[in-house]
Amino acid sequence: MNGTTGTPGPTGPAPAPALGSAPALGSETSRVIVVGSGPTGLLLAGDLAAAGIPVTLLEKRPHKISNLSRAFALHARALEQLDARGLADELEAVGEPLARLNLFDGLTLDLGTLPSRFRHVLVLPQYEIEKVLERRAAEAGVDFRNESEVTGLTQDAAGVTVHVRGGENLRAAYVVGADGMRSAVREAVGLPFPGRSAIRSVVLADVLLAEKPATLLTAAAVGDAFAFLAPFGDGYYRVICWHRGRDVPDHEPVGLDEVREITRLALGKDYGMHDARWMSRFHSDERQVPSYRVGRVFLAGDAAHVHTPAGGQGMNTGLQDAANLSWKLAAVLHGHADPGLLDTYQSERHPVGRSVLRSSGALVRLAMAKGPLLVARGVLIRALGHAGPVRRRIIGQITGIGYRYPAPRGAHRLTGTRVPDLALADDSVGESAGAPAGGGRLYEALRGGRFVLVTPGPGPGPGPDDTGTRYAGRLAVARWRSGRRTTVLVRPDGYVAWAGEDAQAPEIEKALATHVG
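Residues numbered from 1 in each chain as written. Predicted model: local features only at pLDDT ≥ 70, side-chain atom pairs only at ≥ 80, totals over all residues. Heavy atoms only, no water.

1. What about the overall build of the protein?
This is how the line gets drawn: Secondary structure elements are taken from DSSP: a helix is a run of H or I of four residues or more, a strand is a run of E of two residues or more, and numbering for both begins at the N terminus. Residue burial is assigned from relative accessible area. The probe radius is 1.4 Å, only protein chains are included, and a residue is buried under 20% of its type maximum, exposed over 50%, and partly exposed in between. The contact criterion used throughout is that any non-hydrogen atoms of two residues lie within 4.5 Å. Computed with the Shrake-Rupley method and a 1.4 Å probe, the accessible areas treat only the protein chains shown as cover for residues.
A count of helical and extended segments in the protein gives 13 helices and 24 strands. For the protein, with 517 residues in total, the buried portion stands at 54%. Partitioning the intrachain contacts of the protein with sequence separation of at least 6 by distance along the chain shows that 71% fall at a separation of at least 24. Just so you have it, the protein exposes about 21200 Å², and 53% of that area is on carbon and sulfur atoms.

Structural data, given as C-alpha cells:
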C-alpha cells in the first residue's frame, strides 16, 4: 500500500498521498480515529460524534480518570469554547474563579475587564474537565477503546489504516493524534519535534498542608528557587518547584524534604506540607512540529506543541486546537466543504502554538531572571504599569482571547477575529432543522456545532425556510440586540468567517454558499 508509513525517511516524513473526495457517511472510511483521551482528544471526539461522524478513540492506558492532574486552569477562551458546547456552567460550579493573576515581583494581571463572559481564570484540576468531556463524548456515541496502543499507520488516497498492538488494523478517513508529548502518531508519520529542554529537574508533589495559603494560586521566585501551589479541591495541593542549582536526572527519587526546602526558599514557608500521595521529577520542554498535518493525519495538543507550564496555557491551547479542527473535519466528511478547508488548520493554529511557546518561555525566563535580566525584569514591570496596550496584549495571549486568524486580502476587518458572547435580540434566533435555537446569547446559538449569521434586523439574508432546508441544522440566523449595521457570519468555533456593512441579500447568500456550503 502506498503512502506514509511508520518509518520516517532520511529527510523527514514520507510524502503525503493525494486526497480523494469525501467518503459516504456510514462507510468504514467515513470514520475518524482520535488517538489519546486527554482533554484535547475528548473534546475533538465529542464534537465529531455530536456532528454525526463515526469516531473511534484509542487510548493505550486502561480506563481511568486520574486524580494526578497536570493542568489546573481554564482561561477565558477555553471557557468560551466549552460554553458553546453547554459545558462551561457545570465546570464553573466545580472550580474557583480567580480574577487577578499574580505572576512575579508585583506583576498582576487584572482579568476583570476582559471582553468575555468569563472575566477570570477558573481554577480546577484537569481530571474534572476530563470527566465532563468524557461523559459528553460517550453520550454522543464515541467508540472508546482503551488499552489500544498505536504501533504505526499507513495512509493512501482513500484513508488511513491504524495498526494497534496485538495485530488489529483499523481503517478511517482521517486520524488525529492527540496522544501527548511522546506521540505515537507523530512518530508514525515521521515528523520531527524540534526544540529543547527549557527547565530541568522540576519537582512535583501532591501534599496536604497544615496551613492554608492566603491566595487561591500561590507562586513566587526568589533567588534560585521557584514554587507554585494549586488546590485540588479535595484537601490536597499540587506543588511545583524548581531550584537552579539542582540539575539531576528525571529518574532521581524525590523526597518530601526536598520539596519543603525549595518551597521555603521561594515562598518563605512550606505551609506544613505532609502526607505526600505522589511525587515526581520531570523536565519541561519547548517543542513544536513543523507541520500539524501530513496527508490525512493531524496532530493536536501536546502531540503538536509543548512548552513550559508558565501561564497555564498548555491544556487551553490544545482545547482550541480541537475546536478549530473538529468542525472542519465534520464539514468535509458531510460533503459541505472542500477538503482544502483542512489546510487552514495548519495556517491558523501553528502560529498560535508558536506564540504560546514564546510567551510561556518568556514568563519563565523573567521569573527566574538573574543579573542583568533581573534588572530588565524590574524595568519591564514598571513600564507595564503605565502601558495599557502592552498589558492587554499579554492578557490576550495568556487567556487566548487575543488571537486572530489570517484573513484573505480585502476581507472585512472583523474576518478571522474571535467573537465575544454577543447579546442577541431575544426573539431573533431562528432554528435550523435539527438544532435548538439556544436563546439570546451567541454562544448558546453556536451550540450544535453550527454557524450563526447575525444581522442588523429583518431584511436581506436567508429566511426560516432557507435555514430549515438548504442549511439544515448547520445555520442559525439571529439579530443584534443593538442597532449595529454589520452582518457577521460566525464559524462554529466562534471566529468571524465573513462580515459586511449594510450587506444585501446577494452578498450574504454568496458568503453562506462559500462558508456554510
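2. A closer look at the sheet that holds strand 16 (residues 236-243)
Stated precisely, the cut-off is as follows: Should DSSP find at least two bridges between two strands, the strands are regarded as paired. Only the stretch in contact is used when a helix axis is fitted, and all axes are lines through C-alpha atoms; the angle between N-to-C directions ranges over 0 to 180 degrees.
Within the open sheet, the six strands sit side by side as 14-15-16-13-17-20. Their pairing is antiparallel. At either margin of the open sheet sits one strand with a lone partner, and together these are strand 14 (218-222) and strand 20 (305-306). One ladder, built from two bridges, connects strand 17 (residues 274-288) with strand 20; its direction is antiparallel. Looking at the pairing, Gln 288 lines up with His 305 of strand 20. Across the face of the sheet, helix 8 (residues 344-367) comes into contact with strand 13 (195-208), strand 14, strand 17 and strand 20 while running at roughly 125 degrees to strand 17.

3. Remarks on the packing of helix 1 (residues 39-50) against helix 4 (residues 126-140)
Our working definition: To sort the angles, those under 35 degrees are grouped as roughly parallel, those over 145 as roughly antiparallel, those from 65 to 115 as roughly perpendicular, and the leftovers as oblique. If you view the pair so one helix is near and one far, a crossing is left-handed when the near helix is turned anticlockwise from the far one by less than a right angle, and right-handed when it is turned clockwise. Each residue gets one label: Ala, Val, Leu, Ile, Met, Phe, Trp, Tyr, Cys and Pro are nonpolar, Asp, Glu, Lys and Arg are charged, and the others, such as Gly, are polar.
At a minimum axis separation of 8 Å, helix 1 and helix 4 run at an interaxial angle of 25 degrees. In terms of orientation, helix 1 lies roughly parallel with respect to helix 4. Helix 4 is crossed by helix 1, and the crossing has left-handed handedness. Contact with helix 1, carried on its side by Pro 39, Leu 42, Leu 43, Gly 46, Asp 47, Ala 49 and Ala 50, involves Gln 126, Glu 130, Leu 133, Glu 134, Arg 136, Ala 137 and Ala 140 of helix 4 and no other residues of that element. A class-by-class count of the residues in the contact of helix 1 with helix 4 yields eight nonpolar, two polar and four charged.

4. Examining the pattern of salt bridges
Filter applied, for reference: Just to be clear on terms, a salt bridge is a Lys or Arg side-chain nitrogen sitting within 4 Å of an Asp or Glu carboxyl oxygen.
On inspection of all chains with the given rule, the structure shows 37 salt bridges. Of the charged contacts, one joins Glu 444 and Arg 441 as a salt bridge, the two residues approaching to 3.7 Å between their closest N and O atoms. Judged by relative accessible area, which is 18%, Arg 441 ranks as buried. Connected via shared salt-bridge partners are Asp 83, Asp 89, Arg 117, Asp 421, Arg 441, Glu 444 and Arg 447.

5. Quick notes on helix 10 (residues 388-399)
We count it as follows: Helix span, expected: 1.5 Å multiplied by one less than the number of residues in the helix.
Between its first and last C-alpha atoms helix 10 spans 16 Å; for twelve residues at 1.5 Å apiece the expected length is 16 Å, and the two agree. Three or more residues of helix 10 are buried, namely Ile 395, Gly 396, Ile 398 and Thr 399. In the core, the buried residues of helix 10 are packed alongside helix 2 (76-83), strand 5 (100-102), strand 6 (108-110) and helix 8. Gly 400 lies just past helix 10 and shows a positive phi near 90 degrees.

6. Considering the pairing of strand 23 (residues 486-490)
Among the five residues that make up strand 23, five are buried, leaving the element largely enclosed by the rest of the structure. Residue alternation in strand 23 divides its side chains into two sets, Thr 486, Val 488 and Val 490 and Thr 487 and Leu 489, and both sets are buried. Pairing of strand 21 (residues 451-455) with strand 23 involves three bridges; the strand directions are antiparallel. Bridge pairing in strand 23 links Val 452 to Val 490. In this structure, strand 23 lies alongside strand 24 (residues 496-501), joined through five bridges in antiparallel fashion. Within the sheet, the bridge partner assigned to Thr 486 lies in strand 24 and is Glu 501.

7. A word on the side chain of Thr 308
Looking at the secondary structure, you find Thr 308 in the loop between strand 20 and helix 7 (314-333). The contact partners of Thr 308, leaving out residues within four places of it in the chain, are Ala 198, Ile 199, Ser 284, Asp 285, Glu 286, Ser 360, Gly 361 and Val 364.

8. With respect to the packing of aromatic side chains
Working definition: an aromatic ring pair is given by the centre-to-centre distance plus the angle between the planes. What counts is decided by this rule: Under the pairing criterion, centres of Phe, Tyr and Trp rings, with the six-membered ring standing for Trp, must be within 6.5 Å; the plane angle then separates stacked pairs below 30 degrees from edge-to-face pairs above 60, leaving the rest tilted. A ring is considered to have a charge above it if a Lys NZ or an Arg CZ atom is located within 6 Å of its centre and within 35 degrees of its normal.
One pass over the full model with this rule turns up seven aromatic pairs. Relative to Phe 232, the ring of Tyr 127 lies with its centre 6.3 Å away and its plane at 15 degrees, an arrangement referred to as stacked. In this pair, Tyr 127 sits in helix 4 while Phe 232 sits in the loop between strand 15 (225-231) and strand 16, placing the two residues 105 residues apart along the sequence. Its relative accessible area of 9% is what places Tyr 127 among the buried residues. Every member of this aromatic cluster is reached through a ring pair, and the members are Tyr 174, Tyr 292, Phe 298 and Tyr 345. In this arrangement the basic side chain of Arg 186 is found over the ring face of Phe 193, its NZ or CZ atom lying 3.8 Å from the centre. One cation-aromatic arrangement involves Arg 277 over Tyr 236; the distance from NZ or CZ to the ring centre is 4.1 Å.

9. Some words on the side chain of Gln 81
Tracing the backbone shows Gln 81 in helix 2. If near-sequence neighbours (up to four positions away) are discounted, Gln 81 is found in contact with Gln 320, Ala 323, Asp 493 and Tyr 495.

10. A look at the confidence of the model for the protein
The predicted structure's coordinates, where accompanied by low pLDDT, should not be read in detail. Test applied: Confidence scores here are pLDDT values: one per residue, from the predictor, ranging 0 to 100.
On average, residues of the protein carry a pLDDT of 87, and 85% of them reach 70 or more. Long-range and interchain partners of residues 1-22, a stretch whose pLDDT sits below 50, account for 48 contacts in this model, where long-range means more than four residues apart. Counted against residues more than four places away or in other chains, residues 432-438, with its pLDDT under 50, gives 22 contacts.

11. Let's talk about the sheet that holds strand 2 (residues 55-59)
Read from one edge to the other, the open sheet built from six strands follows the order 8-2-1-12-19-18, with strand pairing classed as mixed. The open sheet terminates on both sides in strands that have one partner only, identified here as strand 8 (143-146) and strand 18 (293-294). Note that strand 12 (residues 174-177) and strand 19 (residues 297-299) share three bridges and pair parallel. When the bridges of strand 19 are listed, Gly 177 appears paired with Leu 299. Across the sheet, helix 7 lies against strand 1 (32-35), strand 12 and strand 19, angled at about 175 degrees from strand 12, the strand it touches most.

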